[in-house]
Amino acid sequence: LCAQVFYRCHLQQKGRNLIDGDGRGYYEYLVQWSTYGNFLWMRPEWNSRAALPHYIVEYRQHRYNKYSPGTAACMTPAFVAARCWQKMNAHPRDFFGKAFQYAILLNGVIFLLAGLWFVAGAVQLTGVSREVALTAACITAFASNLVFYSIHEPAMSHVDRKSTRLNSSHLVISYAVFCLKK
């Protein structure tokens, strides 16, 4: 896990963003609220339909983000922590800078670990030993693409092509199973 995080940080230093694609659509809720204090999705750089990013759609002369805000809510602690770090170190306001990239990466890893903890807890509630429960959590992590996508696409709430998913979805589902079993 540590090697994967280190590798991803190395890629980010070469200019590859962690907050990209559909993940940027989710993350944009935080940027919009922090910059404009609303969700009207009107910005000077979006002065025409052709200039709109892929996640903003127009309908009946209103603009909407086509992604739901739930994943953005899960990213909020990382966003706030990165913004505070930026202010304390007198860095210019850049919501896609390294501080935010690393904060979202750390957020993805924390959600992965929390979700696996709930998986182990739910398995242990079935009466198996702690070792078996931890083994089940490890198999869940490494036999699926959870670890890979937690580190390579931490801003996403899903992964396309019929993959299992992680971050907020993994945490919420595993927490629900844990609570139901309890």
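A quick note: this is a predicted structure, and the numbers were derived from the prediction, not measured.

Asks: Could you give an account of unusual backbone geometry, with specific residues and numbers?
Replies: One non-glycine residue with positive phi stands out, namely Gln61, at about 60 degrees. By secondary structure assignment, the location of Gln61 is in the loop between strand 1 (56–59) and strand 2 (62–65). The exposure class assigned to Gln61 is exposed, which follows from its relative accessible area of 77%. Positive phi outside glycine occurs at Ala90, with the angle close to 55 degrees. Note on placement: Ala90 falls in the loop between helix 3 (70–88) and helix 4 (98–124). What makes Ala90 exposed here is its relative accessible area of 69%.

Asks: Please set out helix 5 (residues 130–143) residue by residue, giving values where relevant.
Replies: Compared with the 20 Å implied by 1.5 Å per residue over 14 residues, the 19 Å span of helix 5 between its first and last C-alpha is a close match. Looking at helix 5, one finds that the buried residues are Ala133, Ala137 and Ala141. Looking straight down helix 5, one finds that the buried residues subtend no more than 75 degrees of arc, so they occupy a single side. Away from its buried face, by an angle of more than 90 degrees, helix 5 presents the exposed residues Glu131, Ile139, Phe142 and Ala143.

Asks: Could you give me a rundown of the pattern of salt bridges, with the residues and numbers involved?
Replies: For the coordinates displayed, the defined rule picks out two salt bridges. A salt bridge links Arg24 to Glu28; the shortest N-O distance between them is 3.8 Å. Of this pair, Arg24 and Glu28 both sit in helix 2 (residues 22–36), four residues apart, roughly one helical turn. Glu58 is the salt-bridge partner of Arg63, the closest N and O atoms lying 3.0 Å from each other. The buried category is assigned to Arg63, whose relative accessible area is 9%. Classification of Glu58 as partly exposed rests on a relative accessible area of 31%.

What counts and what doesn't
- Residues numbered from 1 in each chain as written.
- Predicted model: local features only at pLDDT ≥ 70, side-chain atom pairs only at ≥ 80, totals over all residues.
- Heavy atoms only, no water.
- Helix = DSSP H or I, 4+ residues; strand = E, 2+ residues; numbered from the N terminus.
- Buried < 20%, exposed > 50% of the residue type's maximum accessible area, 1.4 Å probe, protein only.
- Expected span 1.5 Å × (residues − 1).
- Arc of directions from axis to C-beta.
- Salt bridge = Lys/Arg side-chain N within 4 Å of Asp/Glu carboxyl O.

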